[in-house]
Amino acid sequence: MKSDMEYEALEPSGKFAESISDFRSAVTHVAGRETAQPVSADWLAPARHRHRKAQLKVGLGIAMGWACAAVLCFATLPLFTHPHHTAAAHVVTVSPAAANTESDSALLEQVDTNISESVPSSLEPLNELESWSSTSTNTSGDSPNGTPLNQTEKTNVSH
Amino acid sequence: MTQEHPVLELADFDEVVRLYRPRIFRFLMASLGDRDVAESLTQDCFLKAFNARNQFRGDSSLSTWLTRIALNLVRDHLRSRRMRFWQKTRDTALDLVDISDWVPDTAVSAETAVLQRERVKEIWEAVDELSRHQRMVFILRFVEEMELSEIAETTGMNTSTVKSHLYRALRIVRERAGGGKA
């Protein structure tokens, strides 16, 4: 029942069917008139020309696409490479300075350690005397007899 | 032309062109409404068929195969920029395919002939207003007189989809052509 209804819905009838039939006749008539002449030997030549032209257009389109992509890559390449390049340069220029600073400070610390050994207890008074001498030199200059006091004391100590 | 030897069918290509050219041209002209475009696409259709003749296995009839190629050409053409330009200029153009010179059966009276021409013109204008899918299905069914299964095979749609498009197309054409309820 349903299929019959569907068929009726899809198959026009009456005047409407006649109109559609006339429409088909008219289209067939015009098409028959237009294709009445037999085709010539080079009938497909225009189609071949269009086909070649379309292929050429596609080829050019692909080539243009690759060219644009290449130009885009070259144009944006510095944007990607520049930060890395700067960072590398920074590392190259800064690292030796930092290394030198570190090595210098380490060396100075080592020297300080080596020369700042504790004074033996037997020489402790001399050490105190040397401290006093340096203080007095800074404040009054030479000793009363014209000989630097610390030099005299050092001579006595060495003897 | 038999279906047993599909490759042999295409061996004599001139004969294929002679037999099927009017039908393909009719389909393209009814689909696009432009005589020149229909002629160009008919040539393209047969060139494509000739280039792809080794791919034709005879799973469908030669007519269905050629119609499918023509359908794809119509689809491509409608998508192209050239067609968009044509659509813009179409409104201002004259009737591109003049079917008013169609002479109905001479046995009918002059008055009846005028009425027939008027009805054909109304159908033609109504079909032109259909959507692409509706127009394709309508033309394949009522101009090419294909069965629903053939239309489904040619267009790649389901049969139910074909029925749906055909139902809507008929309703629209009936309303716009003033046919009333059949």
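Residues numbered from 1 in each chain as written. Chains lettered and ligands numbered in written order. Predicted model: local features only at pLDDT ≥ 70, side-chain atom pairs only at ≥ 80, totals over all residues.

Asker: A description of the overall build of chain A should follow, citing residues and the corresponding values.
Answerer: Helix and strand counts for chain A come out as five helices and zero strands. Secondary structure of chain A in N-to-C order comes out as α-α-α-α-α. Each of the 159 residues in chain A was classed as buried or not, and the buried ones make up 6%. (Helix = DSSP H or I, 4+ residues; strand = E, 2+ residues; numbered from the N terminus. Buried ≥ 20, exposed ≤ 12 C-beta atoms within 10 Å, placed from the backbone.)

Asker: Which residues make up the interface of chain A and chain B, and what are the values?
Answerer: Counting from both sides, the interface comprises 31 residues of chain A and, opposite them, 31 residues of chain B. Counting residues per element, the side of chain A that touches chain B draws most heavily on helix α2 (residues 14–34) of chain A, at 17 residues. Here the residues of the side of chain A that touches chain B sort into 16 nonpolar, eight polar and seven charged. (Contact = placed C-beta atoms within 7 Å. Nonpolar A, V, L, I, M, F, W, Y, C, P; charged D, E, K, R; others polar.)

Asker: Kindly report on helix α8 (residues 148–155) of chain B, identifying the contributing residues and their values.
Answerer: If you check which residues of α8(B) are buried, you get B:Ile151, B:Glu153, B:Thr154 and B:Thr155. Following α8(B) by one or two positions, B:Gly156 has its phi on the positive side, about 80°.

Asker: I'd like a rundown of the nonpolar core, residues and numbers included.
Answerer: Residues B:Leu28, B:Met29, B:Cys45, B:Ala70 and B:Phe138 are the most contacted members of the largest nonpolar core, which totals 49 residues. Elements with a minimum of two residues in this core: α2 of chain A together with α2 (13–32), α3 (35–51), α4 (62–79), α6 (110–128), α7 (132–142) and α9 (159–176) of chain B. The dominant element in this core, judged by the number of residues it contributes, is α2(B), at nine residues. Looking at which domains feed residues into this core, each of domain 1 (1–94) and domain 2 (99–182) of chain B supplies at least three. (Core = buried A, V, L, I, M, F, W, Y, C linked by C-beta atoms within 7 Å. Domains from an automatic or database assignment.)

Asker: I'd like a rundown of the packing of α2(A) against α6(B), residues and numbers included.
Answerer: Packed helix pairs are specified by the crossing angle of their axes together with the interaxial distance, meaning the distance between the axes. Running from amino to carboxyl end, α2(A) crosses α6(B) at an angle of 85°, the nearest separation of the two axes being 9 Å. In terms of orientation, α2(A) lies roughly perpendicular with respect to α6(B). Taken together, the residues of α6(B) that come into contact with α2(A) (itself represented by A:Ser19, A:Ile20, A:Asp22, A:Phe23 and A:Ala26) are B:Gln116, B:Arg119, B:Val120, B:Ile123 and B:Trp124. For the contact of α2(A) with α6(B), a count of residues per class yields six nonpolar, two polar and two charged. (Axes fitted to C-alpha atoms, helices over the stretch in contact; angles between N-to-C directions. Parallel < 35°, antiparallel > 145°, perpendicular 65-115°, else oblique.)

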